[in-house]
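The lines below spell out each chain.
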Protein chains: 2
Amino acid sequence: MAGKNVGIEQIVNLSKRRGFVFPSAEIYGGLGGFWDWGPLGVLLKNNIKREFWKAFVQQRDDVVGLDGSIITNPKVWEASGHVVNFNDAMVECTKCHHRFKAGEVKKTCPDCGGKLLPPRQFNTMFKTFVGPAEDTANAAYLRPETAQNIFVNFEAVAETMRLKLPFGIAQVGKAFRNEITPGNFVFRSREFEQMELEYFVFPDDAPQAFHQWVTVCHQWFRRLGLSANHLREHRYQPDELAHYSRATTDLEYAFPIEGGWAELMGIADRTDFDLRRHGRVARGRDDAFAVADASGKKVVPYVIEPSMGVDRAALAFLLDAYQAIAGGRTTTTESIKEEEVVLKLDPRLAPYTVAVLPLSRKPELQKVALEVAATLRQQWSVSYDETGSIGKRYRRQDEIGTPWCVTVDFDTLEGAKRPKGTVTVRDRDSMEQENVAVEELEAYVGEKLK
Amino acid sequence: MAGKNVGIEQIVNLSKRRGFVFPSAEIYGGLGGFWDWGPLGVLLKNNIKREFWKAFVQQRDDVVGLDGSIITNPKVWEASGHVVNFNDAMVECTKCHHRFKAGEVKKTCPDCGGKLLPPRQFNTMFKTFVGPAEDTANAAYLRPETAQNIFVNFEAVAETMRLKLPFGIAQVGKAFRNEITPGNFVFRSREFEQMELEYFVFPDDAPQAFHQWVTVCHQWFRRLGLSANHLREHRYQPDELAHYSRATTDLEYAFPIEGGWAELMGIADRTDFDLRRHGRVARGRDDAFAVADASGKKVVPYVIEPSMGVDRAALAFLLDAYQAIAGGRTTTTESIKEEEVVLKLDPRLAPYTVAVLPLSRKPELQKVALEVAATLRQQWSVSYDETGSIGKRYRRQDEIGTPWCVTVDFDTLEGAKRPKGTVTVRDRDSMEQENVAVEELEAYVGEKLK
């Protein structure tokens, strides 16, 4: 079963060893809650973002995109309620002065055993100052969510794009939360990337749209490879709901962290809360952003919000794809005797779509292999590797999830066991090899990706 | 000539009217130097970033990617010199206390005529605090450039990816500069997006690599449509160079702003300055990040840095593509009598690749048109428009740069003047129409985009 018995540690190790994720500026000791995504990590994240955009924006006829600024007018966060409400309760040790999230510690300090002060509220928005003076008048915040960019642009987007309900506005971008205790690798970090969609509907249509989006999101994760038994829906009870929400369902993934099942993403019916707040603060009336329904009556739209994190999604995809095969794998063409790690990522998410491997470093093989790699690179990310035995190179690609390894050998040049001008394409999961003509490779990979 | 007589105002107007760029949170009066990219703007920016990534990373065999955090360990900025040196000289008015960039104002305040104080230094990095205490020990900065993420990960990336010189590490991401006087629309903003590449070479190879990257960048902008007469290279004189640079060439674009020609992007030979600084501060030795050359001698790599801004590139592409055709345009099939705006963007950059237009709102036409749109959306961003006369819809698409308009009419359903099952594809620039079979459309557009 995919992902079974995989801990966060294995993913941390793989990430560091192969260049998925590093602690931010590790040469300076890192910084708690911040991560640098390495060469393979950025490819994985780009693929996740591209698949989100395709499914949630490009391929739909009712969703457009937006890219709002991370720092914006601070009135946005006053109106949204974040300045007053976006708090975590924090406790401080009287002895070592370390600080902890209330509820995550008992009565005495876990670091020194000292006594803890009563909890106090701490706003988790990062604050900065815009312009050349550090005074309150110039205070601004790094957005803690991308959603508010969308609400404040609701009117401008609807007008310029001539949109009628129902329609959605999607955004992909960084958000920042000054977590008291970030942790579990990239599961909870202080800087992360969101993929959010605000889908505006007439109030009566909100329940149905809510259910549809839960289904769309669930299917999206399943289609990209998360196994059914690691994914479940958690519908909030009325007393669990945020004050602005009438219904919320989390998609939960079986993360191997304390407590187990945890939020992978959430879908919330936010009602007309946000548009009314911004209407009131920006225009002096709750219904400033109302639109006409079929009968001409003005109605403030309700909004359904699917909200997910790129980093957390990447972690789930990595966990689910990770397989350590204890006894190795053997087929008619390959025999791997030691434990092997295979990252069974969906080919659309794999950092490299193809690896090109000349059987040896003989110049005539290199020449053809480099040409093949250059051709495939026109469309896909390609790894070229000529170091070590072919078996070792296959295992290196298995570990980072490359679905297809193209090997250029002497049959490619001269033909003997195979026709001249063909290469072998080895499948990561089945380890089966197929003979493919060099000029057919692009079509072959394109077809496989469909 | 493309872009001739186009001012920033036309682009600002087009941007606001059609949803390319809005002032950030305009319902609250915006915030100086911050912009929200609307539905068309985010498509344009995504296309620019995709083309950068393709040309500078994916299609090369010597460049990998990175996605470092915006907030990182502040020692990075101490070592890089930014904490001490990343300053602008600022003057303050004694009367109204407004502040200006020194050198941009004369002796008296442009706002009230008051007397100005002598210039003082102002660090233009945005500062924030990480963790639940706003004290100096927790101060951190928003990165003013993506480059330093790359330098501090040089060793981790080279090792995990087993890279040998020469190789590059590329990054696309937001950067922040607390400009005293942001301006000229998105030309100089406080939050912007960079596309940077650090290309590491043996010192002897630096001059040649520098010239190659100038050429690569110049050709990239030309290939994506910037006209030759709006683009030039400005090689810095020795006394113009930054302290860390041995050679710098700016690609300048003929921006219609005060002073005219201005930096579109820069290519700098940064020598071994950055790797030595980080080696010294992080590891106690200048040569901590040295690598072995062919003879085994340890050498600190030199680095060539092509650095560009997505926002500024987008502005240049918009300016260059913008054509206001005073007398309209007439062909055998169309006659546009009033002034028309045509945005002659390269098809790879155009927000929508295709528009699908049913000739009228007759349900049988809508049905086919929606099917055609759904098919094309599998691969490309598509605009569907059924409002207004067909001529008006063509002009709407011309204004936002859509290269091809597909019209579904009664001949599509029944055939008469054209074979049944065909649509017309109208070209934005030539206004010529071609008949294309519906099932050939994807291949037709794919071929055009090559």
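In this text, all values refer to a predicted model and were calculated from it rather than measured experimentally.

Q: What is the right way to look at the overall build of chain A in this model?
A: Secondary structure summary: chain A contains 13 helices and 23 strands in total. In terms of its C-alpha atoms, chain A occupies a principal-axis envelope of roughly 80 × 65 × 45 Å. A sequence separation of at least 24 residues applies to 64% of the contacts in chain A between residues at least 6 apart. When the accessible surface of chain A is totalled, it reaches about 18200 Å², and 49% of it is carbon and sulfur. Between the mean site of the 58 positive side-chain charges and the mean site of the 62 negative ones, chain A shows a separation of 2 Å.

Q: Would you explain the confidence of the model for chain A in this entry?
A: Do not read the predicted coordinates in detail wherever pLDDT is low. On average, residues of chain A score 94 in pLDDT, and 99% of them reach the 70 mark or higher. ipTM for the predicted complex: 0.96, alongside a pTM of 0.96.

Q: I tried to follow helix α1 (residues 8-18) of chain A on my own but got confused; where do I start?
A: The periodicity of an α-helix, 3.6 residues per turn, causes residues three or four positions apart to be oriented the same way. When α1 of chain A is considered as a whole, its buried residues turn out to be I8, I11, L14, S15 and R18 of chain A. End-on, the buried residues of α1 of chain A take up no more than an arc of 130°, which puts them together on one face.

Q: What should I look at first to understand the interface of chain B and chain A in this one?
A: As a measure of interface size, the accessible area lost when the parts come together is often cited. Listed per partner, the contact involves 85 residues of chain B and 85 residues of chain A. Each partner contributes to the roughly 6700 Å² buried at the junction of chain B and chain A, and carbon and sulfur atoms together form 56% of this total. Broken down residue by residue, the surface that chain B buries against chain A is led by I27, Y28 and P132 of chain B, which jointly contribute 12%. Between chain B and chain A we count 4 salt bridges in total. Between D67 of chain B and K45 of chain A there is a salt bridge, with the nearest N and O atoms lying 2.8 Å from each other. Connecting chain B to chain A are 40 residue pairs in polar contact (both at pLDDT 80 or more). Tallying contributions element by element places helix α2 (residues 39-58) of chain B first for the side of chain B that touches chain A, with 9 residues. Counted by class, the side of chain B that touches chain A contains 39 nonpolar, 23 polar and 23 charged residues.

Q: What is the right way to read the packing of helix α1 (residues 8-18) of chain B against helix α11 (residues 390-400) of chain B from this model?
A: Helices that pack against each other are described as a pair by the angle of their axes relative to one another and the distance between those axes. All names here are of chain B. Contact geometry of α1 with α11 gives a least axis separation of 11 Å together with a crossing angle of 125°. When the axis of α1 is compared with that of α11, the two are oblique. Pair α1 / α11 crosses with left-handed handedness. Facing α1, whose interface residues are L14, R17 and R18, α11 presents R396, E399 and I400. Counted by class, the contact of α1 with α11 contains 2 nonpolar, no polar and 4 charged residues.

Q: Could you clarify how one ought to interpret unusual backbone geometry in this entry?
A: Most of the time, phi is negative for any residue but glycine, and the peptide bond is trans. All names here are of chain A. Of the consecutive residues L165 and P166, the connecting peptide bond is found in the cis state with omega at -5°. When you line up the elements, P166 lands in the loop between α6 (154-160) and β9 (167-176). One non-glycine residue, N184, lies in positive phi territory at about 55°. With respect to the secondary-structure elements, N184 resides in the loop between β9 and β10 (191-201).

Q: Hey, could you run me through helix α7 (residues 206-223) of chain B in this one?
A: Residues and elements named next belong to chain B. With 18 residues, α7 should reach 26 Å at 1.5 Å per residue; the first-to-last C-alpha distance of 25 Å fits that figure. Within α7, the full set of buried residues consists of A206, A209, F210, W213, V214, C217, H218, W220 and F221. Seen from one end, α7 has its buried residues packed into an arc of 170°, which puts them on one side. At the exit of α7 stands G225, carrying a positive phi of roughly 115°.

Q: For this particular structure, what's the right way to read the pattern of salt bridges?
A: Side chains that differ in charge, positive against negative, can pair when their charged atoms come close. On inspection of all chains with the given rule, the structure shows 74 salt bridges over all chains. Residues joined by salt bridges that share partners form a network here, namely R329, E334, E340, D398 and R426 of chain A.

Q: Can you help me understand the packing of helix α2 (residues 39-58) of chain A against helix α9 (residues 310-321) of chain A in this one?
A: Residues and elements named next belong to chain A. Interhelical geometry of α2 versus α9 gives an angle of 110° and a closest axis separation of 10 Å. Taken together, the axis directions place α2 and α9 in an arrangement best described as roughly perpendicular. On α9, the residues touching L44, K45, I48 and K49 of α2 are V310, D311, A313, A314, F317 and L318. Taken together, the residues of the contact of α2 with α9 sort by class into 7 nonpolar, no polar and 3 charged.

Q: Hey, could you run me through the relation of the copies chain B and chain A in this one?
A: Each copy of the chain is related to the other by a rotation around an axis and a translation along that axis. Each copy superposes on the other: chain B lies on chain A with an RMSD of 0.0 Å after a rotation of 180° and an axial shift of 0.0 Å. The transformation relating the two chain copies, once decomposed into turn and shift, fits a two-fold axis. Among all residues of chain B, the one whose C-alpha sits closest to the rotation axis is T128 of chain B, at a distance of 2.5 Å. A high fraction, 100%, of the interface residues of chain B reappear at the interface in chain A, so the copies pair face to face through one surface.

Q: Hey, could you run me through the nonpolar core in this one?
A: Taken as a class, soluble globular proteins show a tendency for nonpolar side chains to be buried jointly. In terms of nonpolar packing, the biggest core is built from 190 residues, with F221 of chain A together with F221 of chain B touching the most fellow members. Those residues in contact with F221 of chain A that lie beyond four places of it in its chain are L226, L231, L251, L264, M265, M308, A313 and F317 of chain A.

Q: I'm lost on the pairing of strand β3 (residues 63-66) of chain A in this one. Help?
A: Across a regular strand the side chains alternate sides, sitting on one face of the sheet and then on the other. All names here are of chain A. Neither face of β3 is open: one carries V63 and G65, the other V64 and L66, and all of them are buried. Alignment of β3 against β9, held across 4 bridges, turns out to be parallel. If you follow L66 over to β9, its bridge partner there is Q171.

Q: When you look at the sheet that holds strand β5 (residues 99-101) of chain A in this model, what are you seeing that I'm missing?
A: Residues and elements named next belong to chain A. Pairing is antiparallel across the open sheet formed by 3 strands, whose spatial order is β5-β4-β6. Lying at the two open borders of the sheet, with one neighbouring strand each, are β5 and β6 (120-123). In this sheet, adjacent strand axes meet at a mean angle of 50° when their direction is disregarded. Here strand β4 (residues 87-92) pairs with β5 via 3 bridges, running antiparallel.

Q: Please explain the sheet that holds strand β21 (residues 404-408) of chain B as it appears in this structure.
A: Note: strands within a sheet are paired through backbone hydrogen bonds, in either parallel or antiparallel orientation. All names here are of chain B. Read from one edge of the open sheet, 5 strands run β20-β19-β21-β22-β23, paired in mixed fashion. The open sheet has two edge strands, β20 (382-384) and β23 (433-437), and neither has a second partner. Adjacent strand axes in the sheet meet at a mean angle of 25° when their direction is disregarded. Sheet topology note: the strand β22 (residues 422-427)/β23 ladder contains 5 bridges and is antiparallel. The residue of β23 that forms the bridge with T422 is A437.

Q: Would you explain the pairing of β21 of chain B in this entry?
A: Residue and element names in this part refer to chain B. Counted residue by residue, β21 has 5 buried out of 5 residues, so it is predominantly covered. What you see with β21 is no split at all: W404, V406 and V408 on one side and C405 and T407 on the other are buried throughout. Here strand β19 (residues 354-358) pairs with β21 via 5 bridges, running parallel. Bridge pairing in β21 places P358 opposite V408. Note that β21 and β22 share 4 bridges and pair antiparallel.

Q: How should the packing of aromatic side chains be read in this particular structure?
A: Aromatic ring pairs: the centre-centre distance and the angle between the two ring planes describe each pair. All names here are of chain A. One pass over the full model with this rule turns up 34 aromatic pairs over all chains. Where F167 meets F200, the ring centres are 5.6 Å apart and the plane angle is 45°; that geometry is what we call tilted. Here F200 lies in strand β10 and F167 lies in strand β9, a separation of 33 residues in the sequence. The exposure class of F167 is buried, given its relative accessible area of 3%. When its relative accessible area of 0% is taken as the criterion, F200 is described as buried. Through pairs of rings, three or more aromatic residues link up here, namely F52, F56, Y199, W213, W220, F221 and F317. Lying across the ring of F187, R312 places its NZ or CZ 3.7 Å from the centre.

Q: Can you walk me through empty space enclosed by the protein in this structure?
A: One simple way to see leftover space: roll a probe sized like a water molecule over the atoms. A full pass over the atoms with the stated rule returns 2 cavities of 30 Å³ or more. If you go around the largest cavity, the residues you meet are W35, W37, K45, K174, V186, S189, E191, F192 and D311 of chain A together with D67, G68 and S69 of chain B. Contributing elements (two or more residues each) for the lining of the largest cavity: β2 (35-37) and β10 of chain A. Taken together, the residues that form the lining of the largest cavity break down as 4 nonpolar, 3 polar and 5 charged. Its volume calculated, the second largest cavity comes out at about 70 Å³. Surrounding the second largest cavity, D67, G68 and S69 of chain A together with W35, W37, K45, K174, S189, E191, F192 and D311 of chain B form its lining. Class assignment of the residues belonging to the lining of the second largest cavity gives a composition of 3 nonpolar, 3 polar and 5 charged.

So, how was this worked out
Counting restarts for each chain: residues are numbered from 1 in the order of the written sequence. Here the convention is simple: chains get letters from A, ligands get numbers from 1, in the order in which they are written. Given that this is a predicted model, residues contribute local features only at a pLDDT of at least 70 and side-chain atom pairs are listed and counted only at 80 or more, while totals for whole chains, interfaces and linings are drawn from all residues. Computation of side-chain values covers all heavy atoms of the structure but excludes hydrogens and water. Think of it this way: any DSSP run of H or I at least four residues long counts as a helix, any run of E at least two long counts as a strand, and we number them from the N terminus. The contact rule is simple, with two residues in contact once any of their heavy atoms fall within 4.5 Å. Accessibility throughout is a Shrake-Rupley quantity obtained with a 1.4 Å probe, and a residue counts as covered only by protein chains that appear here. Charged-residue counts in this description rest on Lys and Arg as positive and Asp and Glu as negative, His and the chain ends being excluded. Where a charge sits is defined by one atom per residue type, namely NZ (Lys), CZ (Arg), CG (Asp) or CD (Glu). Note on scores: pLDDT gives the predictor's confidence for each residue, bounded by 0 and 100. Only protein chains enter the area calculation, which uses a 1.4 Å probe; residues under 20% of their type maximum are buried, those over 50% are exposed, and those in between are partly exposed. Summarising the geometry, the arc corresponds to the directions from the helix axis toward the C-beta atoms. Using a 1.4 Å probe, buried area is obtained as the accessible area two parts lose upon being combined, added over both of them. Whenever a carboxyl oxygen of Asp or Glu lies within 4 Å of a side-chain nitrogen of Lys or Arg, that contact is scored as a salt bridge. Polar contact criterion, stated in full: a pair of N or O atoms within 3.5 Å, where within protein one must be able to donate a hydrogen and the other to accept it, and residues adjacent in sequence count only if both atoms are side-chain atoms. Side-chain classes are defined by residue name, with Ala, Val, Leu, Ile, Met, Phe, Trp, Tyr, Cys and Pro counting as nonpolar, Asp, Glu, Lys and Arg as charged, and the others, Gly among them, as polar. Only the stretch in contact is used when fitting a helix axis, every axis being a line fitted to C-alpha atoms; angles between N-to-C directions are given from 0 to 180 degrees. When describing relative orientation, an angle under 35 degrees is termed roughly parallel and one over 145 degrees roughly antiparallel, while 65 to 115 degrees is termed roughly perpendicular and anything else oblique. We call a crossing left-handed when the near helix sits turned anticlockwise from the far one by less than a right angle, and right-handed when that turn is clockwise. What a helix should span is 1.5 Å times the count of its residues minus one. All copies are superposed by least squares; the fitting set is the C-alpha atoms of residues with a pLDDT of at least 70 in both. In this description, a nonpolar core means a group of buried Ala, Val, Leu, Ile, Met, Phe, Trp, Tyr and Cys residues linked to one another through side-chain atoms lying within 4.5 Å. A pair of strands is treated as paired once DSSP finds two or more bridges between them. Centres within 6.5 Å make a pair out of two Phe, Tyr or Trp rings, where for Trp the six-membered ring is used; the pair is then stacked when the planes are under 30 degrees apart, edge-to-face when over 60, and tilted otherwise. Charge over a ring is defined by NZ of Lys or CZ of Arg lying within 6 Å of the ring centre and within 35 degrees of the ring normal. Cavities and pockets are defined on a 1 Å grid built over the protein atoms alone: a cavity is a set of grid points where a 1.4 Å probe fits but cannot escape, while a pocket is an open set with protein on both sides within 12 Å along at least five of seven lines, and lining residues are those with an atom within 4 Å of any such point. Grid points are joined across faces, edges and corners, and a volume is the space filled by probe spheres set on the points.

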